[in-house]
Amino acid sequence: MNANFKQAADAILKGVVTSNPRVPGVVAMVTDRERNIYEGAAGVRRLDREQPMTTNDAFALFSTTKAITATAALQLIEEGRLDLDAPASKYAPDIGRLQGIEGFDAKGEPRLRAPKREVTTKHLLTHTGGFGYDFFNKTYAQLAEKKGQHSVITASKAALMTPMLFDPGEKWEYGSNLDWVGQVIEGITGQRLGEVLQTRIFDPLGMRDMTFALNDGLRARLASMHARNEDDSLVPMDFELPSEPEVHMGGHGLYGTVGDYMRFIRMWLNDGRSEHGQVLKPETVRMAELNHLGPNKVTMLPGVIPSLSNDAEFFPGQSKSWSLAFMVNDEDAPTGRPAGALGWAGLANLFYWIDRKNGIGGFWATQILPFGDPASFVGYMNLETAVYAHLKKEETA
């Protein structure tokens, strides 16, 4: 990417922090297979303190955690220690205690039954395990409101013990599946998930700032959460996930920097290779990036709790599948992202993509609730579009 791209990308970042509605601050990076080819920051960490956002700032990464947890599971598959098709209860016995839910009776009590089949780790990795989130599912929202079901952000074991919304394998629904994959990994290794990720992924990739337990050093450069009001104004929030968490939540619990995440993206661009050695085998990467959903498809995420999420969907009207770690767009996307590319997001409006065909990927980080924030999401789409527009220019130059 040349100076013209940097100018275009900087303008996109400046635009989202000065427009109406605006975002408080943003960090964005783009990488090829070798290095970051763009790094940018704009705005402030917190609106009422006016500290400038920097490219070294830390973020609550939310569901961008999921692909990292899935990568650790893929390593265990390579070693023959994890059987994708075996019951997940073989490794995480508590998941075998869960029942299915079929709504509520006249008194508002949940109607529970035994599931028709056991949930496997493959179900969990592909979000076909039967688990949801209360902010995307009305049944879970009712369990939380009327029955005191713990939220996943409590990072507690009680938050994991939710009934299955459908029998495993029946359909795709986004939820706490990867938190259970974290429990599977802990059951196999005998270590906490954070320790597994540190030794198997963070250290080999040179990721210095990823953690489930926010420390003072990261807290000092943490971008603050903001709530978007109905009038589009923003209010800073004093939000932190628990430190030290009871459970290392493999679906959403990590804090870290965009720069560190770019190292993870480069590993996927490079067939599992890092600067310090192989993290995944090339054949594992090629297997994992395929559609593992079968005929099922990724669907729109309905915003059941408006303070946490709007209705949200990538590339509406286009077919989308799920690999063993990421969403897969089945068609060329309007941004220029080719069919078969990988990507996903995090609740506080963090977005990334990994295009192994062209050897390019990027990450866009803000800290705004609810999810699907128009100002942040459109900014991200504009950045991705600008990347492919400049790639096209370079190819024809």
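This one's a predicted model, so the numbers in the text were calculated from it and none came from an experiment.

*Asks:* Could you clarify how one ought to interpret the overall build of the protein chain in this entry?
*Replies:* Each helix and strand counted, the protein chain has eleven helices and 16 strands in total. For the protein chain, the C-alpha radius of gyration of 20 Å lies close to 21 Å, the compact-globule estimate for 397 residues. With respect to the three principal axes, the spread of C-alpha positions in the protein chain is 60 × 50 × 45 Å. Out of the 397 residues belonging to the protein chain, those deemed buried represent 58%. When the accessible surface of the protein chain is summed, it comes to about 15,500 Å², and 49% of that surface belongs to carbon and sulfur atoms. Averaged over its 41 positive side-chain charges, the protein chain has a centre that lies 1 Å from the centre of its 49 negative ones.

*Asks:* How should I be thinking about the nonpolar core in this particular structure?
*Replies:* The nonpolar side chains of a soluble globular protein tend to be buried with one another. Counting residues in each nonpolar core, the largest one holds 135 residues, and the members touching the most others are I68, F264, W268, F314, F363 and W364. Per element, the largest residue contribution to this core is nine residues, and it comes from helix α11 (residues 374-396). For F363, the residues in contact, after removing those within four places along its chain, are V27, A28, M29, L61, T64, V258, Y261, M262, I265, L350, F351 and Y352.

*Asks:* What am I meant to see in the sheet that holds strand β7 (residues 234-237) here?
*Replies:* Note: strands within a sheet are paired through backbone hydrogen bonds, in either parallel or antiparallel orientation. Taken together, the three strands give an open sheet; going across it, the order is β7-β6-β16, and neighbouring strands pair in mixed fashion. The open sheet terminates on both sides in strands that have one partner only, identified here as β7 and β16 (368-369). As paired elements, strand β6 (residues 225-228) and β16 share two bridges and run parallel to each other. Residue pairing in the sheet places H226 in a bridge with I368 of β16.

*Asks:* So what exactly am I meant to see when it comes to the side chain of T121 here?
*Replies:* Assignment of secondary structure puts T121 in helix α3 (residues 121-125). Not counting the four nearest positions on each side in its chain, T121 is found in contact with L82, L84, A86, A88, Y91 and V184.

*Asks:* Sorry if this is basic, but what is going on with the layout of surface pockets here?
*Replies:* The gaps of empty space that remain are located by a probe, the size of a water molecule, rolled over the atoms. In this model, the largest pocket occupies a volume close to 220 Å³. Contributing to the lining of the largest pocket are 14 residues, with R46, R49, R219, L222 and S224 lying nearest its centre.

*Asks:* Teacher, can you tell me more about the pattern of salt bridges here?
*Replies:* Side-chain pairing between opposite charges can occur once the charged atoms of the two side chains come close. The final tally for this structure, using the stated rule, is 23 salt bridges. A salt bridge links D94 to R97; the shortest N-O distance between them is 3.2 Å. Among the residues examined, D94 registers a relative accessible area of 23% and is labelled partly exposed. E275 is the partner of R263 in a salt bridge, and the nearest nitrogen-oxygen pair spans 3.4 Å. Residue R263 is located in helix α9 (residues 258-269), and its partner E275 is located in the loop between β9 (273-274) and β10 (277-278); the two are separated by twelve residues in the primary sequence.

*Asks:* Help me out: how do you make sense of the packing of helix α1 (residues 3-18) against α11 in this one?
*Replies:* The packing of two helices is summarised by the inter-axis angle and the distance between the axes. Remark: α1 packs on α11, axes separated minimally by 10 Å, with the N-to-C direction vectors making an angle of 170 degrees. The angle between α1 and α11 falls in the class roughly antiparallel. For the pair formed by α1 and α11, the contact residues are N4, F5, A8, A9, I12 and V16 on the first element and A375, G379, N382, L383, A386, V387 and H390 on the second. Its residues assigned to classes, the contact of α1 with α11 comprises nine nonpolar, four polar and no charged.

*Asks:* Teacher, can you tell me more about the side chain of N349 here?
*Replies:* With respect to the helices, strands and loops of the structure, N349 is situated in the loop between β13 (342-346) and β14 (350-355). According to the relative accessible area criterion, N349 is buried, its value standing at 0%. There is a polar contact of 3.0 Å between the side chain of N349 and the backbone nitrogen of G372. When neighbours within four sequence positions are excluded, N349 is seen to be in contact with W364, A365, T366, I368, P370, F371, G372, D373 and S376.

*Asks:* How should I be thinking about unusual backbone geometry in this particular structure?
*Replies:* Comment: phi is negative for the bulk of residues other than glycine, and the bulk of peptide bonds are trans. E244 follows S243 through a cis peptide bond whose omega is 0 degrees. Note on placement: E244 falls in the loop between β7 and β8 (255-257). At the junction of L369 and P370, the peptide bond is cis and its omega measures out at 5 degrees in the coordinates. By the element assignment, P370 lies in the loop between β16 and α11. Although it is not a glycine, H127 sits at a positive phi angle of roughly 55 degrees. Among the secondary structure elements, H127 is positioned in the loop between α3 and α4 (138-147). Phi at D271 takes a positive value of approximately 55 degrees, unusual for a residue other than glycine.

*Asks:* Before we go on, may I ask you to explain the packing of aromatic side chains in this structure?
*Replies:* Two measures describe an aromatic ring pair: the distance that separates the ring centres and the angle between the ring planes. In this structure the tally under the stated criterion is 28 aromatic pairs. Summarising the aromatic geometry, the rings of W172 and Y174 are spaced 6.1 Å apart at their centres and angled 25 degrees between planes, so their arrangement reads as stacked. Like Y174, W172 is buried. Both rings, one in Y174 and one in W322, keep their centres 6.4 Å apart while their planes meet at 50 degrees; by these two values the pair is tilted. Residue Y174 is located in the loop between α5 (157-160) and α6 (177-189), and its partner W322 is located in strand β11 (residues 320-322); the two are separated by 148 residues in the primary sequence. A relative accessible area of 4% means that Y174 is categorised as buried. Residue class for W322 comes out buried when judged on its relative accessible area of 2%.

Conventions we followed
- Residues numbered from 1 in each chain as written.
- Predicted model: local features only at pLDDT ≥ 70, side-chain atom pairs only at ≥ 80, totals over all residues.
- Heavy atoms only, no water.
- Helix = DSSP H or I, 4+ residues; strand = E, 2+ residues; numbered from the N terminus.
- Rg over C-alpha atoms; globule rule 2.2 N^0.38 Å.
- Buried < 20%, exposed > 50% of the residue type's maximum accessible area, 1.4 Å probe, protein only.
- Areas by Shrake-Rupley, 256 points an atom, 1.4 Å probe, with all protein chains shown as cover.
- Lys, Arg positive; Asp, Glu negative; His and termini not counted.
- Charge placed at Lys NZ, Arg CZ, Asp CG, Glu CD.
- Core = buried A, V, L, I, M, F, W, Y, C linked by side-chain atoms within 4.5 Å.
- Contact = heavy atoms within 4.5 Å.
- Pairing = 2+ DSSP bridges.
- 1 Å grid on protein atoms, 1.4 Å probe; cavity = no way out; pocket = protein on both sides within 12 Å on 5 of 7 lines; lining within 4 Å.
- Points joined across faces, edges and corners; volume = space filled by probe spheres on them.
- Salt bridge = Lys/Arg side-chain N within 4 Å of Asp/Glu carboxyl O.
- Axes fitted to C-alpha atoms, helices over the stretch in contact; angles between N-to-C directions.
- Parallel < 35°, antiparallel > 145°, perpendicular 65-115°, else oblique.
- Nonpolar A, V, L, I, M, F, W, Y, C, P; charged D, E, K, R; others polar.
- Polar contact = N/O pair within 3.5 Å; in protein donor to acceptor, adjacent residues only side chain to side chain.
- Phe/Tyr/Trp six-rings, centres within 6.5 Å; stacked < 30°, edge-to-face > 60°.

Don't take any of this as a statement about function, it's just geometry.
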